[in-house]
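# Inside the fold
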2 protein chains.
Amino acid sequence: MMVMTARIVSWMVMSSDDLRYLLEPRSVAIVGASSDIRKVGGAISRNALSGSFKGRIYLVNPRRRTILGRRVYPDLTSIPGDLDLVEIVVPAEAVPDVMVQAAEKDVKAAIIVSAGFAEVGNVELQDKVRSIARSRGIRVLGPNCFGVINTMIDLDLTFSFTRALKGNIAFISQSGAMCCGTLDYAYSQGIGFSKFVNLGNKCDIDEADILEYLESDTQTRAIALYLEGVKDGRRFMEAAEEASKHKPIIAMKAGLTEAGARAALSHTASLAGRREIIEAALRQSGVVKVEDVEDLIGGAVALAGQPTPRGVRVGIATNAGGLGVTVADWCQSLGLEVPVLSEEVRRRIGGVLPRFASSGNPVDMTGDAGYAQYKAVSQILLECGEVDLLIAVFTSQGLVTSDGPAHGIVEAASNTRKPVIALLMGGRSVEQGRRILAQGGIPVYGFPEKAARAASVLVQRGILRPQRPLGVES
Amino acid sequence: MMVMTARIVSWMVMSSDDLRYLLEPRSVAIVGASSDIRKVGGAISRNALSGSFKGRIYLVNPRRRTILGRRVYPDLTSIPGDLDLVEIVVPAEAVPDVMVQAAEKDVKAAIIVSAGFAEVGNVELQDKVRSIARSRGIRVLGPNCFGVINTMIDLDLTFSFTRALKGNIAFISQSGAMCCGTLDYAYSQGIGFSKFVNLGNKCDIDEADILEYLESDTQTRAIALYLEGVKDGRRFMEAAEEASKHKPIIAMKAGLTEAGARAALSHTASLAGRREIIEAALRQSGVVKVEDVEDLIGGAVALAGQPTPRGVRVGIATNAGGLGVTVADWCQSLGLEVPVLSEEVRRRIGGVLPRFASSGNPVDMTGDAGYAQYKAVSQILLECGEVDLLIAVFTSQGLVTSDGPAHGIVEAASNTRKPVIALLMGGRSVEQGRRILAQGGIPVYGFPEKAARAASVLVQRGILRPQRPLGVES
């Protein structure tokens, strides 16, 4: 109870505005800076300096005079001017001293990258650091964390070797390795982020704080959460419920099975909790749940790029019958509807397709469908009032390149407030189409299951936070 | 009953050896050859001629003298020498005449690429072609098909714009578009094929015939089937049961839901059948079932490259805790076991890892694990007798590149008869590791769910066709 009380008091005196010092600092000092980019302190220095961040970055290292061509300060107190944020990359035992210096400089927030705290049983040292922070009003991210990225101000305070592209997805992860893998995968797919945060040991700042901050972050349009355990379930649920009123939240909770829970316990000492309880809690908080990191990223892309559907009826337009069948199978398996279209709509679709095409749903436009057919059929489906979202499907069959269909889908989507997602199956032959669709804001997936799951994520968001009653057509 | 009798008689006189003329011809004529590679006949001519096929290829077109620098014959009968196979790419109405010519030349097999038969309601024309074929002893693939590829003899008789890499997976598909998408995706992933067959309308040759042929094809180590409907269920089951005794078969049956079945009916006029019956029939025939084309390809790669496990116990070795937790979650969700390791094994693992690593299962080797740790831990897990297969997991965390871990995994796998699969999450930073693993014969996946599903495919094969009783350790 003592701990709970201390926590409650701290929340009372520290508003979520404090996190602006963490995520939008005007000045940052890196303590433990290095010129060896193979070291964590070196990689962080390189990343921080290589962007076009307009604020001030100070490097601190008592044993060096210059690093990467920049002046180096021996300690925090010798830095001229104010400091919003300090990032600490020194051995664990030296962290309390740096925190005391930070307090003297009136620093508002700290990122403790250094490992060797609670994650290896050194709870006492972590408590010591937290108590310094609390008594001096410093918010702390970590310890044992990967850092933060804010692409809006071009500031990367992580040791990632892969840059984050600018985007509108905020990614929050409890696992540092998940951050590295996600950044690297996302870069290869052209997926960008607004904010990127690794929580580490959560001695102070946790998911709930970040959610409160992101609620009003204009750059963020969807929030993706990788969770292993949540320390204060009630506060998390409250923060998630409030944030999800403003923007979609998608979460993956690892450790849901007995084997996974055992692994999570040894990984981040997280108590995983019962699957049903966690799933109900997330749902109640308005959070869409997925079960794999691929779906976490893919679902976030859909949520950030597309509006919320007002119902569960999916229209499918395809140039490949087999892919249409499989998407329909997956949609129905996931609880979506693939309605039979009215005679009137079928007649309209028939009017823009060759005689032997199938005007059912899926609409099989046959192998030579190009720009005109994709645009016309997509438009008819989106306007007809019989479907709530569209999945457009293409695979190269030698005669039509992927650019025309992609342009057709993008143009049809620009005239609607219904969500549109695309499935382009293949390798090199669909690369250009993928690029055109992504630039046009249409989420693209490579296989039926992935596209259907993204559609399901959008529909779940619509059910959890309906814009209007589901099933009622505008 | 008349039709059935005719079919039975035809099977009696035509053995599966006939398919050697289709898949291993010594001489091929392409009727409807063209020099315009944007046309189907042109793309087929280019593909057929551009490989290093040692047999003879004749181009036939009454209106041309040379195509792609080669002599052109006006008709089949003017070709000197014997003809095993004829590929027909002329308008549908002209196909019967070509078949009569083919019979005069004593051709053994025909691929009818031309569309405009039963798939558009022209059943009569298709029956006419079949009756010519049956009376003259010509086996027919198609009509309305994409052709065949045999990489062993470097013969590509499809109009695919993407080449097939040499490999040991035989891919059979009812859908032509699925063939195009699969070839293009597989090429980008470095996945190769032994034989590649699109069945089209199946007026004669169907899945069962191809399975009978593949049973003794030395190049093929796993068979992947994309099915919408099966015309003769009993014969398919018999062929599958027999073939699956010799090599693993993995199948995806599209049209399993009401929405999917409706789409399949309009796509290939296939009656989809009840989900439970189909699944039971596949299982009874020893066929592993998957539900997405990504899993069909991914599962085939695992089956072709790895031995069958003798039990359901999975060992997981990872440098990323979160990925280990998620793989464990997925394994358990799919019915696999992630057993707690004995004290003895944990002690051995602890001996090769830093103090703070976790020697449980998943074994979390921590972020700086490299070649030595991956090799040693993999070896201990594979040798210990407490797991039946290994999933090795890596994501780049800045300090260790992917090549060392990949080499470690390949070397450990080379000393065991237990299956090993890998999960490498990321983009560019894990490319080299992926390449090393693939060259070393280890199937590689990009996300937890995919790796766990591949493991599950191997385990299902083990259950359907056990090498020894499951759960009994060698």
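Here the residue numbering is sequential within each chain, running from 1 through the sequence in written order. Both sets of labels track the order of writing: A upward for chains, 1 upward for ligands. Per-residue local features are limited, in this predicted model, to residues with pLDDT of at least 70; the limit for side-chain atom pairs, both in listing and counting, is 80 or more; totals at the level of whole chains, interfaces and linings are taken over all residues. Hydrogens are left out, water is left out, and the side-chain values use all remaining heavy atoms of the structure.

Here the focus is the overall build of chain A. Regarding its fold elements, chain A presents 17 helices and 19 strands. Between the two quantities, the radius of gyration covers C-alpha atoms and the globule rule is 2.2 Å times the number of residues to the power 0.38. Relative to the globule expectation of 23 Å for 474 residues, the C-alpha radius of gyration of chain A, 25 Å, shows essentially globular dimensions. Think of it in three bands: with a 1.4 Å probe and only protein chains considered, a residue is buried below 20% of the maximum accessible area for its type, exposed above 50%, and partly exposed in between. Looking at chain A as a whole, 61% of its 474 residues qualify as buried. Residue contacts follow a heavy-atom distance rule, with two residues in contact if any of their heavy atoms lie within 4.5 Å. Taking the contacts inside chain A whose residues are at least 6 apart along the sequence as the reference set, 74% of them involve residues at least 24 apart. Values of accessible area rely on a 1.4 Å probe in the Shrake-Rupley scheme; residue burial ignores everything except the protein chains shown. When the accessible surface of chain A is summed, it comes to about 17,900 Å², and 51% of that surface belongs to carbon and sulfur atoms. Secondary structure follows DSSP: runs of H or I at least 4 residues long count as helices, runs of E at least 2 residues long count as strands, and numbering of each begins at the N terminus.

Frequently, the measure chosen for interface size is the accessible area removed from exposure when the parts meet. Taken together, the contact between chain A and chain B spans 72 residues of the former and 72 residues of the latter. Summed over both partners, the accessible area lost on bringing two parts together, with a 1.4 Å probe, is the buried area. Between chain A and chain B, a total of about 5,200 Å² is buried, with carbon and sulfur atoms accounting for 61% of that surface. Among the residues chain A hides against chain B, the three largest losses belong to Val325, Asp329 and Phe447 of chain A. Together they make up 11% of the total. For this analysis, a salt bridge means a side-chain nitrogen from Lys or Arg found within 4 Å of a carboxyl oxygen belonging to Asp or Glu. The interface formed by chain A and chain B contains four salt bridges. Here Arg453 of chain B and Glu449 of chain A are joined by a salt bridge, their closest N and O atoms 2.6 Å apart. Contacts described as polar in this section are N or O atom pairs within 3.5 Å, which, within protein, must combine one atom able to donate a hydrogen with one able to accept it, while residues neighboring in sequence count only if both atoms come from side chains. If you look at where chain A meets chain B, you find 24 residue pairs in polar contact (both at pLDDT 80 or more). Those elements giving two or more residues to the side of chain A that touches chain B turn out to be helix 6 (176-189), strand 13 (249-253), helix 9 (258-268), helix 11 (293-305), helix 12 (321-333) and helix 17 (448-464) of chain A. Among the elements that line the side of chain A that touches chain B, the one with the most residues is helix 12 of chain A, at ten residues.

This brings us to the pairing of strand 13 of chain A. Residue and element names in this part refer to chain A. A large share of strand 13 lies buried, amounting to five of its five residues. In this description, strands pair whenever DSSP reports at least two bridges between them. In the sheet, strand 12 (residues 222-227) pairs with strand 13 via five bridges, with the strands oriented parallel. Each residue of the ladder has a partner; that of Leu227, found in strand 13, is Lys253. Here, the term right-handed applies to a crossover whose path from the first strand over the helix to the second runs clockwise when the strands point away from the viewer. Between the parallel elements strand 12 and strand 13, the chain passes through helix 8 (residues 233-246) in a crossover that is right-handed. Of the strand pairs in this sheet, strand 13 and strand 14 (residues 287-290) are connected by four bridges, and their pairing is parallel. Across the sheet, the residue bridging to Ala251 is Lys289, located in strand 14.

A few words now on the confidence of the model for chain A. Residue and element names in this part refer to chain A. As a per-residue measure, pLDDT reflects the predictor's confidence and takes values from 0 up to 100. Of all residues in chain A, 93% attain a pLDDT of 70 or more, and the chain-wide mean is 91. Note on residues 1-15: pLDDT is under 50 here. Beyond four places in sequence and across chains, it has twelve contacts. Below pLDDT 50 for its whole length, residues 469-474 participates in 15 contacts with residues either more than four positions away or in separate chains.

For the rest of this paragraph, the subject is the side chain of Asp206 of chain B. Mapped onto the secondary structure, Asp206 of chain B falls in the loop between strand 11 (192-198) and helix 7 (207-215). A polar contact is formed between the side chain of Asp206 of chain B and the backbone nitrogen of Ala208 of chain B, at a distance of 3.0 Å.

For the rest of this paragraph, the subject is the nonpolar core. With 216 residues, the main nonpolar core has Leu211 of chain A together with Leu211 of chain B as its most contacted residues. Setting aside residues no more than four positions away along its own chain, Leu211 of chain A makes contact with Ile172, Ile223, Leu225, Phe236, Ala239, Ala240, Ala243 and Ile249 of chain A. Here, nonpolar core means buried Ala, Val, Leu, Ile, Met, Phe, Trp, Tyr and Cys residues that are tied together by side-chain atoms lying within 4.5 Å of each other.

This part is about the domain arrangement of chain A. Residue and element names in this part refer to chain A. Segmentation of chain A into domains returns domain 1 (14-303) and domain 2 (308-464). Distance from the C-alpha centre of domain 1 to the C-alpha centre of domain 2: 38 Å. Taken together, the contact pairs 19 residues of domain 1 with ten residues of domain 2. Note on domain 1 versus domain 2: buried area summed over both sides is about 1,100 Å², and carbon and sulfur give 65% of it. Broken down residue by residue, the surface that domain 1 buries against domain 2 is led by Val288, Asp295 and Ala302, which jointly contribute 40%. In this assembly, domain 1 and domain 2 are joined by three salt bridges. Here Arg453 ties to Asp295 by a salt bridge, and the two come within 2.3 Å at their closest N and O atoms. At the level of secondary structure, the elements contributing two or more residues to the side of domain 1 that touches domain 2 comprise helix 8, strand 13, strand 14 and helix 11. Residue ranges labeled as domains rest on an automatic or database domain assignment.

Moving on, we get to the relation of the copies chain A and chain B. In summary, the two copies of the chain are related to each other by a rotation about an axis coupled with a shift along it. When chain A is fitted onto chain B, the two copies agree to an RMSD of 0.0 Å after a turn of 180 degrees and an axial shift of 0.0 Å. Between the two chains, the operation in question is that of a two-fold axis. The copies are overlaid by a least-squares fit using only the C-alpha atoms of residues whose pLDDT is at least 70 in both copies.

This brings us to the sheet that holds strand 8 (residues 148-150) of chain B. Judged by pairing direction, the sheet is mixed, and its seven strands sit side by side in the order 9-8-11-10-12-13-14 (chain B) without closing on themselves. A strand with exactly one partner marks an edge of an open sheet, and here the two such strands are strand 9 (155-156) and strand 14 (287-290) of chain B.

This brings us to unusual backbone geometry. Here Gly142 of chain A and Pro143 of chain A are connected by a cis peptide whose omega angle stands at 0 degrees. By the secondary structure assignment, Pro143 of chain A is in the loop between strand 7 (139-141) and strand 8 (148-150). Its identity is not glycine, yet Thr366 of chain B carries a phi of approximately 70 degrees, on the positive side. Within the fold, Thr366 of chain B resides in the loop between strand 16 (363-364) and helix 14 (371-383). A residue is classified by how much of its surface remains accessible, and Thr366 of chain B, at 23% relative accessible area, is partly exposed.

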